[in-house]
Amino acid sequence: MKKALAVIMTAAMLLTVFVFNASAASNEWVPYGKVDTYKDSYDSESEMPMVAGMRYTDYGVQMYTPTSEQLETWGKTAYCSMQLKDKINFENGFSMTMTVDEFTDKGVDKWISINVWTDEKPTPEAGGYGKGWLCLLRPGGTAFAAMSFIDVASNLVHQHIVDCNIYQQEAITFEIKKIDGKYTLLINDTDMMAYEFIDRFEDHTAYIGVCCHQGNYEPISLTVNDVNGVMPTGTESYDPFVPSDITPRIDPPEIPAGDPVFLLNYESFKSSEWNAGMKTSLTDEGNIHVEFTDVDSPIIMRESRKYNYSADDYPIWAILFKNIDEIADSGVLYFFAGEVKAPQEGSMCGVNWLEGDYDEDNDTGWRILTIDLSQSSMWNGIINGYRLTIGDRNDLNGQSADIKWIGNFKTVEEAYTYAGMKDLYDKNMAPPTPPTAADTVTEPAENDTTDQTTENAGTSDVTTNDNAKKGVDTGLIIGIIAAVIVVAAVICAVIVIRKKKK
């Protein structure tokens, strides 16, 4: 494997091998934020795109995130991206080498991405903003899994384990090369098997971008050492964007009894929290109306930035919705608390929309679904947020639904009461009232000489299921997933928490 210093030393030799097929300005870079965060206007600075810092060094061009303290105060996990300023013509080939300067070695969701894209600001998580090829490089200890995608980060076409230790600054190489008449994408000399990517580029020109993400507040920095054998040089530099109006999270004011925390509703609606795959609007009735598109699977991504809400105090996640159960069977909820800052295996559960509860005798169309997150060992500390995937884009495309609110409650009873369904809770879910002393006193039957001790023998070993008494299944179903994201197969527990209809 090439080391960082070896990359720099060989750059000069490569000058005679590659013919740079664009102007000198084409080796200049520019940082950018996630494409779907750019809006015409923003409610505050903290809603503006998270644009990385960038500077030219003796080793190339480096992008870097804010500091860990700034990220934690902002409530943002580490992310950075940059692209070549101009489109690159790759008809005669393209090559790039980069090394990682800072990256977490913790077991959180993390990746490095290279993008060959039709449109500017390529962003792996955002569908509907151009097409092309992207990879997600997921590092382990001494190797990384190179995952190859066409158009969206859900259309996996190939995966290969590459022997490269990024933590020792071993180089990541990327090439577009014509092999046996086919344009081929190579990561560290490994064919990414995505030959159909060329169909997106009739003129053989593309935007080349590099992105990095990790699900914690540790900083990231990465350097592109050469492009077509030439080290990037320039005079422009950028400090990473950090909002001036951000403040550390504080303890919340007194919360009225029965009210939820971290509430998403008509009044707290922010369009930036509703990702690609749907269009949203507010109705006169105080609902959030959602129209689903075919761009991507619809996701609601919320991060708690203002208050220190306790996960232990508010373990019940609940949603009041209309019509989702008619158009989707299931979704996925990733929940973040304590050390969990972003989606990761083991901190997730299935959402079964068909189990939304309602009063069959007085059906208003609204359904309530509650999930007890306390049944997960990952739900503790301060609430950091959640990501809800409502369903599959193919099932939802062209459909619509309404959401009244999403929030966290202390108890299931509080969630039902807040939804105006207290009677339904009392009827089907409330624990039975303990008998009084008067109810339990009975007169012995006359002349009854039965040996009570003998009749009741053996019953002390029988355990009664409290949930059966309530008529509701609130159990935790554990599913095991074999993950091959990193070097070795990792066994992860996926929590599916259900509450059945009566």
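Not measured: the values here are computed from a predicted model.

(A) Structural detail: the overall build of the chain. Scanning the chain from N- to C-terminus turns up nine helices and 27 strands. For the chain, buried positions account for 48% of its 502 residues. Here the analysis covers contacts within the chain between residues at least 6 apart in sequence; of these, 72% occur between residues at least 24 apart. Accessible surface, the chain: about 23,700 Å² in total, of which carbon and sulfur atoms supply 48%.

(B) Structural detail: the nonpolar core. With 62 residues, the main nonpolar core has Trp29, Trp133 and Phe197 as its most contacted residues. Non-local contacts of phenylalanine 197, meaning those with residues more than four positions away in its chain, are made with Phe90, Val116, Trp133, Ile150, Ile176, Tyr183 and Leu185. Formed by 38 residues, the second largest nonpolar core is a distinct cluster that contains Phe269, Ala311, Ile383 and Ile406.

(C) Region of the structure containing the environment of serine 330. With respect to the secondary-structure elements, serine 330 resides in strand 21 (residues 330-337). You can call serine 330 partly exposed: its relative accessible area is 46%. It is 5.5 Å that separates the C-alpha atoms of serine 330 and tryptophan 353, two residues lying 23 residues apart in sequence. Non-local contacts of serine 330, meaning those with residues more than four positions away in its chain, are made with Val351, Trp353, Ile390 and Gly391.

(D) Region of the structure containing empty space enclosed by the protein. Inspection of every chain in the model, using the stated rule, returns two cavities of 30 Å³ or more. Taken as a whole, the largest cavity spans an internal volume of roughly 50 Å³. Along the walls of the largest cavity sit Gly75, Lys76, Thr77, Tyr217, Arg249, Glu303, Ser304, Lys341 and Asn384, which together make up its complete lining. Along the lines of polarity and charge, the residues of the lining of the largest cavity split into one nonpolar, four polar and four charged. Looking at the second largest cavity, its volume works out to about 40 Å³. Among the secondary structure elements, those contributing two or more residues to the lining of the second largest cavity are strand 21 and strand 24 (383-389). At three residues, the largest contribution of residues to the lining of the second largest cavity is made by strand 24. Across the lining of the second largest cavity, the residue classes tally to seven nonpolar, two polar and no charged.

(E) View of the confidence of the model for the chain. Per-chain confidence: the chain averages 84 in pLDDT, with 81% of residues scoring 70 or above. The model gives residues 1-25 a pLDDT under 50, and that stretch makes 41 contacts with residues more than four places away or in other chains. In the predicted structure, residues 445-502 sits below a pLDDT of 50 and forms 88 contacts with residues beyond four places in sequence or in another chain.

(F) Region of the structure containing the pattern of salt bridges. Throughout the structure, instances matching the rule amount to 16 salt bridges. For arginine 138, the salt bridge identified is with aspartate 109, shortest N-O distance 2.7 Å. With arginine 138 in strand 8 (residues 132-139) and aspartate 109 in the loop between strand 6 (94-102) and strand 7 (110-117), the pair connects residues that are 29 residues apart, well separated along the chain. When its relative accessible area of 12% is taken as the criterion, arginine 138 is described as buried. Between aspartate 325 and arginine 367 there is a salt bridge whose closest N-O contact spans 3.2 Å.

(G) Spotlight on unusual backbone geometry. In the Ramachandran plot, aspartate 151 falls in the positive-phi region, its phi being about 70 degrees despite a non-glycine side chain. Assignment of secondary structure puts aspartate 151 in the loop between strand 9 (144-150) and strand 10 (156-162). Assessed through its relative accessible area of 17%, aspartate 151 is described here as buried. Its identity is not glycine, yet aspartate 180 carries a phi of approximately 50 degrees, on the positive side. Along the chain, aspartate 180 turns up in the loop between strand 11 (172-179) and strand 12 (182-187).

(H) Quick look at the side chain of glutamate 175. Note that glutamate 175 resides in strand 11. Among the residues examined, glutamate 175 registers a relative accessible area of 16% and is labelled buried. Apart from residues no more than four positions distant in its own chain, glutamate 175 is found in contact with Phe94, Ser95, Thr184, Leu185, Leu186 and Asp189.

Rules used throughout
Residues numbered from 1 in each chain as written. Predicted model: local features only at pLDDT ≥ 70, side-chain atom pairs only at ≥ 80, totals over all residues. Heavy atoms only, no water. Helix = DSSP H or I, 4+ residues; strand = E, 2+ residues; numbered from the N terminus. Buried < 20%, exposed > 50% of the residue type's maximum accessible area, 1.4 Å probe, protein only. Contact = heavy atoms within 4.5 Å. Areas by Shrake-Rupley, 256 points an atom, 1.4 Å probe, with all protein chains shown as cover. Core = buried A, V, L, I, M, F, W, Y, C linked by side-chain atoms within 4.5 Å. 1 Å grid on protein atoms, 1.4 Å probe; cavity = no way out; pocket = protein on both sides within 12 Å on 5 of 7 lines; lining within 4 Å. Points joined across faces, edges and corners; volume = space filled by probe spheres on them. Nonpolar A, V, L, I, M, F, W, Y, C, P; charged D, E, K, R; others polar. pLDDT = per-residue confidence, 0-100. Salt bridge = Lys/Arg side-chain N within 4 Å of Asp/Glu carboxyl O.

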